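# A look at the structure
Spelled out, the chains give:
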Amino acid sequence: MLSRDRAGLSVMHNHPSGDPTPSCADIEMTKLIAEAAKPLGIALHDHVIIGKDGHVSLKGLQLF
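The written sequence of each chain sets the order in which its residues are numbered from 1. Since the coordinates come from a predicted model, pLDDT governs what is reported: local features require at least 70, and pairs of side-chain atoms require 80 or more to be given and counted, while whole-chain, interface and lining totals use all residues. Calculation of side-chain values draws on the structure's entire complement of heavy atoms; hydrogens and water are dropped beforehand.

## Some details on the pattern of salt bridges
Heads up, the rule is: One speaks of a salt bridge when a side-chain nitrogen belonging to Lys or Arg is within 4 Å of a carboxyl oxygen belonging to Asp or Glu.
According to the stated counting rule, one finds one salt bridge in the structure shown. A salt bridge links Glu 35 to Lys 38; the shortest N-O distance between them is 3.2 Å.

## A few points about unusual backbone geometry
Condition: Runs of H or I in DSSP of at least four residues are treated as helices and runs of E of at least two as strands, each being numbered from the N terminus.
Despite not being glycine, Gln 62 shows a phi value in the positive range, around 55 degrees. Mapped onto the fold, Gln 62 is located in the segment after strand S3 (55–57).

## Observations regarding the sheet that holds strand S1 (residues 7–14)
The pairing of strands in a sheet happens through backbone hydrogen bonds and is either parallel or antiparallel. The criterion, for reference: When DSSP finds two or more bridges between a pair of strands, those strands are recorded as paired. The convention used is that axes are lines fitted to C-alpha atoms, helices contributing only their stretch in contact, and that angles between N-to-C directions extend from 0 to 180 degrees. Every residue pair with non-hydrogen atoms within 4.5 Å of one another is taken to be in contact.
One open sheet accounts for three strands, arranged S1-S2-S3; its pairing is mixed. Of all strands in the sheet, those bounded by a partner on one side alone are S1 and S3. Averaged over all neighbouring strand pairs, the angle between strand axes comes to 20 degrees, with direction disregarded. The strands touched by helix H1 (residues 24–37) within the sheet are S1 and strand S2 (42–50), with S2 carrying the most contacts at an inclination of about 160 degrees.

## Describing the pairing of S2
Using the following cut-off: Convention used here: a crossover is right-handed provided that the path from the first strand, over the helix, to the second strand proceeds clockwise when the strands point away from the viewer.
In this sheet, S2 lies alongside S1 in parallel orientation, the contact comprising eight bridges. In the strand pairing of S2, Leu 9 is matched with Leu 44. Regarding topology, H1 serves as the crossover connection from S1 to the parallel S2, and that connection is right-handed. Pairing of S2 with S3, which is carried by three bridges, proceeds in the antiparallel orientation. Bridging from a neighbouring strand, Ile 50 pairs with His 55 of S3.

## As for the side chain of Thr 30
Filter applied, for reference: Throughout this description, buried means an accessible area under 20% of the type-specific maximum (1.4 Å probe, protein chains only), exposed means over 50%, and partly exposed covers the range between. The definition of a polar contact used here is a pair of N or O atoms within 3.5 Å, where within protein one atom must be able to donate a hydrogen and the other to accept one, and adjacent residues in sequence count solely through side-chain atom pairs.
Looking at where Thr 30 falls in the secondary structure, it is placed in helix H1. Of the residues examined, Thr 30 reaches a relative accessible area of 1% and is grouped as buried. Polar side-chain contacts of Thr 30 include one of 2.5 Å to the side chain of His 47. In this structure Thr 30 touches Leu 44, His 47, Leu 58 and Phe 64, once residues within four positions along its chain are discounted.

Written out as structure tokens, the structure reads:
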């Protein structure tokens, strides 16, 4: 659940290969960002990877 009274951020990047499938490094970095932001009262809402023909939401895949 998103809180309306908390700061938040979303992360986006592209994969030049065109395949938006998250790498192990993408997943690990997302978890590190979420943990680093938590003590600051900042919620990580999502991490979206853009590919040639679409995108992937790490939140949608429940990867963090």
